[in-house]
Amino acid sequence: MVHFNYWVVIVLIMTGLYVVMAQTNLVKKVLGLNIFQVAVFILYISVGKLAGGTAPILAAGFDRYANPLPHVLILTAIVVGVATTALALALVIRIDKAYGTIDEMEIEELDKEQE
Amino acid sequence: MLFAIFSLLSAAVFVTLDAVDVAFTEAAVGAGISTILMLATLAVTRTREERAHRLKPLAWVATVFTGAVLLYGTMDYPQVGDPTAPAHQHVAPRYIQQSGEEIGIPNVVTSVLASYRGYDTLGEVTVIFTAGIGVLCLLGPVITLFGKREKD
């Protein structure tokens, strides 16, 4: 159980990476990127975890708190992640408007036909 | 829908790892806004899939290789929750000990986010602003022609 959190992170990273590489549907690719992202979030939060600590909110009677710095970084990363997801999905909608499909292979075929 | 459940579950994981602020944001933003964006995209675009998904051997090999390298990397990692880990030595103790007096807010995450690392948050706002402009530039014409497609 020493590195259990990290193993979960690795499995999630592998899932996300495979989805990004192997799926031809562009929405599913964005979803894979999101899975990868959440894996990195869990990695950072695991690093900040302190055995026997509580959430970093100062209160009398507690002297061990989890490391607040990774929490701050990941808070920023979550919000930025949503912004990039929104941009990626906007691009997908534009691609669908131009090609009538969001499948990578079909887009490639349409490109070849035009040449 | 599954993605929303995944987000919510990861928020629960964050709570167990003592990161309540992160869990809060993940539940609101990841499970809420991201899912709405995904569903909206699926509603606007064509989602039928004609070809069955084939297993891609090359992608598999790359994925397994990456996983193996990462697994090798974790061997040097300190144990989860180890108080002597390098991550807990540098600035975190100072934040926890001083921020109560210096900022006057009991929530350390808030004081680090808004004060010690205020410039990071300013940068974050800049990124969101840029992304918002990007989305507007990309989708501006689509919203007016909603539902109409050029190729049909």
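Residues numbered from 1 in each chain as written. Chains lettered and ligands numbered in written order. Predicted model: local features only at pLDDT ≥ 70, side-chain atom pairs only at ≥ 80, totals over all residues. Heavy atoms only, no water.

### Notes on the overall build of chain A
- On a plain count of helices and strands, chain A comes out with 4 helices and 0 strands.
- Taken from N to C terminus, the helices and strands of chain A fall in the order α-α-α-α.
- For 115 residues, the compact-globule formula gives about 13 Å, and the C-alpha radius of gyration of chain A, at 20 Å, lies well above that figure.
- Each principal axis of the C-alpha distribution contributes one length, and for chain A these read about 70 × 30 × 15 Å.
- Looking at chain A residue by residue over its 115 residues, the buried ones come to 55%.
- Only carbon and sulfur atoms are counted for the fraction: they give 68% of the accessible area of chain A, which is about 4900 Å².
- Treating the 7 positive side-chain charges of chain A as one cloud and the 10 negative ones as another, the clouds have centres 13 Å apart. (Helix = DSSP H or I, 4+ residues; strand = E, 2+ residues; numbered from the N terminus. Rg over C-alpha atoms; globule rule 2.2 N^0.38 Å. Buried < 20%, exposed > 50% of the residue type's maximum accessible area, 1.4 Å probe, protein only. Areas by Shrake-Rupley, 256 points an atom, 1.4 Å probe, with all protein chains shown as cover. Lys, Arg positive; Asp, Glu negative; His and termini not counted. Charge placed at Lys NZ, Arg CZ, Asp CG, Glu CD.)

### Quick notes on the environment of L58 of chain A
- Here L58 of chain A lies in the loop between helix 2 (26-48) and helix 3 (68-99).
- Between the C-alpha atom of L58 of chain A and that of N25 of chain A, which follows or precedes it by 33 residues, the distance is 47 Å.
- Not counting residues up to four positions away in its chain, the partners in contact with L58 of chain A are Y65 of chain A together with I96, S99, G100, I105, P106 and V108 of chain B. (Contact = heavy atoms within 4.5 Å.)

### Describing the interface of chain A and chain B
- Counting residues at the interface gives 76 residues for chain A and 82 residues for chain B.
- Across the chain A/chain B interface, buried area totals approximately 7200 Å², and carbon plus sulfur atoms make up 73% of it.
- On the chain A side of the contact with chain B, Y18, L58 and K97 of chain A bury the most area, a combined 10% of that side's loss.
- Here chain A and chain B share 0 salt bridges between them.
- Linking chain A with chain B are 3 residue pairs in polar contact (both at pLDDT 80 or more), by the criterion used here.
- Mapped by element, the contributors of at least two residues to the side of chain A that touches chain B are helix 1 (4-22), helix 2, helix 3 and helix 4 (104-114) of chain A.
- The element best represented in the side of chain A that touches chain B is helix 3 of chain A, accounting for 26 residues. (Buried area = accessible area lost by both parts, 1.4 Å probe. Salt bridge = Lys/Arg side-chain N within 4 Å of Asp/Glu carboxyl O. Polar contact = N/O pair within 3.5 Å; in protein donor to acceptor, adjacent residues only side chain to side chain.)

By themselves, these figures tell us nothing about what the structure is for.
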